[in-house]
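Here are the chains, one letter per residue:
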Amino acid sequence: MLNKLVSSAEAISHYLGKCVAWLTLAMMLLTCLIVLLRYGFDIGSIALQESVLYLHAMVFMLGAAYTFKDDEHVRVDVFYRDFSVTKKAWVNIIGGIFFLLPFTLYTAYLSLDYVSAAWRVLETSPEPGGLPFVYLLKTLIPIMMVTLIIQGVADILKNIGVITAKNAEGQN
């Protein structure tokens, strides 16, 4: 049951991460188009420029859980890299319970009023010619927190599995 739960959560993060990776290609192509239009044809577009910002936000915010799942997130690992598998599992459990989950839960909670206010007025860009989807962009905040919570719980459970497997090995 525990393995199935962890596998399901990691599958969600993996699928989302793979989909988000394609947004980097779209972002690069769009940036090239903006440069070509601006310097080749003297055409500027606030909406196109904001589109790159939206894509960047999606890549970062929707890709965070995928990055965490693959252990590619920023970590101060001066000591961690030399730890045993069991010690690493303990650090991951403690970090998840006392840092990741409280931060993500609190941020998700705080973002609800912020996002709700944007949805109430269907907030748009303050720039003339900008995109009318700021409320959707702000919605990425709680979505990011939910994906990190799901992946964080999966990581905690996975590391509990590591510890219990090591303890079971030691008893045999």
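Residues numbered from 1 in each chain as written. Predicted model: local features only at pLDDT ≥ 70, side-chain atom pairs only at ≥ 80, totals over all residues. Heavy atoms only, no water.

1. Section: unusual backbone geometry
Phase 1: For aspartate 42, which is not glycine, the phi torsion reads 55° and is therefore positive.
Phase 2: Mapped onto the elements, aspartate 42 comes out in the loop between helix H1 (2-41) and helix H2 (46-69).
Phase 3: Overall, the relative accessible area of 70% leaves aspartate 42 in the exposed class.
Phase 4: Positioned with a positive phi, leucine 122 is a non-glycine residue whose angle comes to about 45°.
Phase 5: Tracing the chain through its elements places leucine 122 in the loop between helix H3 (85-120) and helix H4 (134-171).
Phase 6: Taking relative accessible area as the criterion, leucine 122 reaches 45% and is therefore assigned partly exposed. (Helix = DSSP H or I, 4+ residues; strand = E, 2+ residues; numbered from the N terminus. Buried < 20%, exposed > 50% of the residue type's maximum accessible area, 1.4 Å probe, protein only.)

2. Some words on the environment of glycine 63
Phase 1: Examined against the element boundaries, glycine 63 turns out to sit in helix H2.
Phase 2: For glycine 63, a relative accessible area of 9% corresponds to the buried category.
Phase 3: Separated by 43 residues in the primary sequence, glycine 63 and valine 20 have C-alpha atoms spaced 6.3 Å apart.
Phase 4: Filtering out sequence-adjacent residues up to four positions away, glycine 63 remains in contact with Val20 and Met58. (Contact = heavy atoms within 4.5 Å.)

3. Some words on the layout of surface pockets
Phase 1: Estimates place the volume of the largest pocket at around 650 Å³.
Phase 2: In terms of lining, the largest pocket is formed by 24 residues, of which the most central are Phe68, His73, Val74, Arg75 and Leu100.
Phase 3: For the lining of the largest pocket, the leading source of residues is H3, giving eight residues. (1 Å grid on protein atoms, 1.4 Å probe; cavity = no way out; pocket = protein on both sides within 12 Å on 5 of 7 lines; lining within 4 Å. Points joined across faces, edges and corners; volume = space filled by probe spheres on them.)

4. Examining the packing of aromatic side chains
Phase 1: Taken as a whole and judged by the stated rule, the model has two aromatic pairs.
Phase 2: Summarising the aromatic geometry, the rings of tryptophan 119 and tyrosine 135 are spaced 4.7 Å apart at their centres and angled 75° between planes, so their arrangement reads as edge-to-face. Of this pair, tryptophan 119 sits in helix H3 while tyrosine 135 sits in helix H4, placing them 16 residues apart in sequence.
Phase 3: Its relative accessible area of 39% is what places tryptophan 119 among the partly exposed residues.
Phase 4: A cation over a ring is seen here: lysine 87 above phenylalanine 83, with NZ or CZ 5.4 Å from the ring centre. (Phe/Tyr/Trp six-rings, centres within 6.5 Å; stacked < 30°, edge-to-face > 60°. Lys NZ or Arg CZ within 6 Å of the ring centre and 35° of its normal.)

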